[in-house]
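In case you want the letters, here they are:
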Amino acid sequence: MIQIKNAAQIAIMKEAGRITGEALCLAGEAVKEGVSTKHLDDLIRNHIVKSGAKPSFLGYGGFPGSACISINDEVIHGIPSKNKILQDGDIVKIDVGAFYKGFHGDSANTFAVGNVSDEAKRLIEAAKTSFEKGIAAAIPGNRLGDIGSAIEEHVKQYGFSVVRQFVGHGIGKELHEDPSVPNYGTKGHGVRLCKGMALAIEPMVNAGTHEVYVLPDGWTVKTKDGKLSAHYEHTNILTDDGVISTTKVN
Ligand code: MG
Ligand code: MG
């Protein structure tokens, strides 16, 4: 069932989103060659805890990190490790969630480490701009399929593909609520969007095939063909005055 948020809940979700976005920004600023993904995870956890919140992902289904940090052909759910060191030319996806006063924020961003390939640059651009198109389609009165189709159609123009096995989601008291928010779909189809819905819109865009698989660690999702993947996510609340991306800072 889709939970519609009232004004008081939206006010708290904005706070949860701000803490999430700040933690992601801090980690992004620390991205450079030679840094471990564990270090980034520590920065994120420290900021979330210092802000009076809890890392949403820590212990979720047994996940060992506060953030998911995924490099290159790792799509999502990468486990932070002191042995995973960022290298020049990598692209790194950092996905953060914070739980504050009973509500979650969830946000992801893709960062380039030093000098990345032209393909990586194009992929990041495709993922980011498709993400913006998806959020722009999150309008009361539209349908769920309008979000996915806006994302997918845009990504196709680049010759890239959208991951289908993992999707966005409703968010609020639970990290993952109804509805599922696929990054593909048909315009005019699906659930009608209405004000008070909170949706985590999060395209995962692959340079090659859309197919992915999970590593034996039970978490890390990788592209099947070993090509790069990029990921963006905001927590969004639909209102009559436009969408509020709670996790967007600045
Ligand atoms: Mg996320
Ligand atoms: Mg999410």
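Residues numbered from 1 in each chain as written. Chains lettered and ligands numbered in written order. Predicted model: local features only at pLDDT ≥ 70, side-chain atom pairs only at ≥ 80, totals over all residues. Heavy atoms only, no water.

Participant: Mind laying out the coordination of the magnesium ion (ligand 2), listing which residues take part and the relevant values?
Facilitator: The protein atoms donating to the magnesium ion (ligand 2) are Asp106 (OD), His169 (NE2), Glu202 (OE) and Glu233 (OE), with metal-donor distances spanning 2.1 to 2.3 Å. Between the two metal centres, the magnesium ion (ligand 2) and the magnesium ion (ligand 1), the spacing is 3.1 Å, with Asp106 acting as a shared donor. Taken together, the residues Asp106 in strand S5 (residues 103–112) and Glu202 in the loop between strand S9 (198–201) and strand S10 (204–206) connect sequence positions 96 residues apart. (Donors = N, O, S within 2.8 Å, 3.2 Å for Na, K, Ca; no water. Helix = DSSP H or I, 4+ residues; strand = E, 2+ residues; numbered from the N terminus.)

Participant: Explain the environment of Asn142 to me, and be specific about the residues and the numbers.
Facilitator: Turning to its location among the elements, Asn142 is positioned in the loop between helix H3 (118–136) and helix H4 (144–157). Put simply, Asn142 and Ala200 are 58 residues apart on the chain and 16 Å apart in space, counted from C-alpha to C-alpha. Not counting residues within four places of it along the chain, the set of residues in contact with Asn142 comprises Ala137, Val191, Arg192 and Leu193. A distance of 2.9 Å separates a polar atom in the side chain of Asn142 from the backbone oxygen of Ala137. (Contact = heavy atoms within 4.5 Å. Polar contact = N/O pair within 3.5 Å; in protein donor to acceptor, adjacent residues only side chain to side chain.)

Participant: Lay out helix H1 (residues 7–30) in plain terms, naming residues and giving numbers.
Facilitator: If you check H1, its first and last C-alpha atoms are 35 Å apart, about what 24 residues at 1.5 Å a residue would give, namely 34 Å. The backbone nitrogen of Ala8 lies 3.1 Å from a side-chain oxygen of the residue at the head of H1, namely Asn6. (Expected span 1.5 Å × (residues − 1).)

Participant: Describe the pattern of salt bridges, and please don't skip the residues or the numbers.
Facilitator: Here the structure, examined in full by the defined rule, presents 13 salt bridges. One salt bridge connects Glu177 with Lys5, and the closest N-O pair in it is separated by 2.9 Å. On the criterion of sequence distance, the pair formed by Glu177 in strand S8 (residues 177–181) and Lys5 in the segment before H1 is long-range, its members being 172 residues apart. A single burial state applies to Glu177 and to Lys5, both of which are buried. With a closest N to O distance of 3.5 Å, Asp41 and Arg45 form a salt bridge. A residue pair is termed a helical-turn pair when its members lie 3 or 4 positions apart in one helix, as Asp41 and Arg45 do in helix H2 (residues 37–50) at four residues. (Salt bridge = Lys/Arg side-chain N within 4 Å of Asp/Glu carboxyl O. Buried < 20%, exposed > 50% of the residue type's maximum accessible area, 1.4 Å probe, protein only.)

Participant: Lay out the coordination of the magnesium ion (ligand 1) in plain terms, naming residues and giving numbers.
Facilitator: The magnesium ion (ligand 1) binds to the protein through Asp95 (OD), Asp95 (OD), Asp106 (OD) and Glu233 (OE); the donor distances cover 2.0 to 2.6 Å. Mapping the donors of the magnesium ion (ligand 1) onto the primary sequence gives the spacing D-x10-D-x126-E. You can call Asp95 buried: its relative accessible area is 8%. For Asp106, a relative accessible area of 2% puts it in the buried group.

Participant: Account for unusual backbone geometry, with residues named and values stated.
Facilitator: Note that the residue after Asp178, namely Pro179, is joined by a cis bond; omega there is 0 degrees. Within the secondary structure, Pro179 sits in strand S8. Positioned with a positive phi, Lys101 is a non-glycine residue whose angle comes to about 45 degrees. Inspection of the secondary structure puts Lys101 in the loop between strand S4 (91–100) and S5. Taking relative accessible area as the criterion, Lys101 reaches 60% and is therefore assigned exposed.

Participant: Requested: an account of the side chain of Ser107, with residues and values cited.
Facilitator: As for its position among the elements, Ser107 is in strand S5. Here Glu233 takes part through its backbone oxygen, which lies 2.8 Å from a polar atom of the side chain of Ser107.

Participant: Explain H4 to me, and be specific about the residues and the numbers.
Facilitator: With ten of its 14 residues buried, H4 lies for the most part within the structure. Looking at H4, one finds that the buried residues are Leu144, Gly145, Asp146, Ile147, Gly148, Ser149, Ile151, Glu152, His154 and Val155.

Participant: Can you tell me about the sheet that holds S9, naming the residues and giving the values?
Facilitator: Strand order in the open sheet formed by five strands is S8-S7-S9-S14-S15, and the pairing between neighbours is antiparallel. On the outer flanks of this sheet lie S8 and strand S15 (244–245), each paired with one strand and no other. Looking at chain direction, strand S7 (residues 168–170) and S9 are connected through two bridges and run antiparallel. For Gly170, the partnering residue across the bridge sits in S9 and is Leu199. (Pairing = 2+ DSSP bridges.)

Participant: I'd like a description of the packing of aromatic side chains, backed by residues and values.
Facilitator: Taken as a whole and judged by the stated rule, the model has three aromatic pairs. Between Phe63 and Trp219, the aromatic rings sit 5.0 Å apart at their centres with planes inclined by 85 degrees, giving edge-to-face as the arrangement. Taken together, the residues Phe63 in the loop between strand S1 (54–55) and strand S2 (67–71) and Trp219 in the loop between strand S11 (212–214) and strand S12 (221–223) connect sequence positions 156 residues apart. Note on Phe63: relative accessible area 3%, which makes it buried. Considering the side-chain rings of Tyr158 and Phe160, the 6.1 Å spacing of their centres and the 10 degrees angle between planes classify their relative orientation as stacked. Residues Tyr158 and Phe160 agree in their burial class; the two are buried. Residue placement shows Arg164 over the ring face of Tyr184; its charged tip is 3.9 Å from the ring centre. (Phe/Tyr/Trp six-rings, centres within 6.5 Å; stacked < 30°, edge-to-face > 60°. Lys NZ or Arg CZ within 6 Å of the ring centre and 35° of its normal.)

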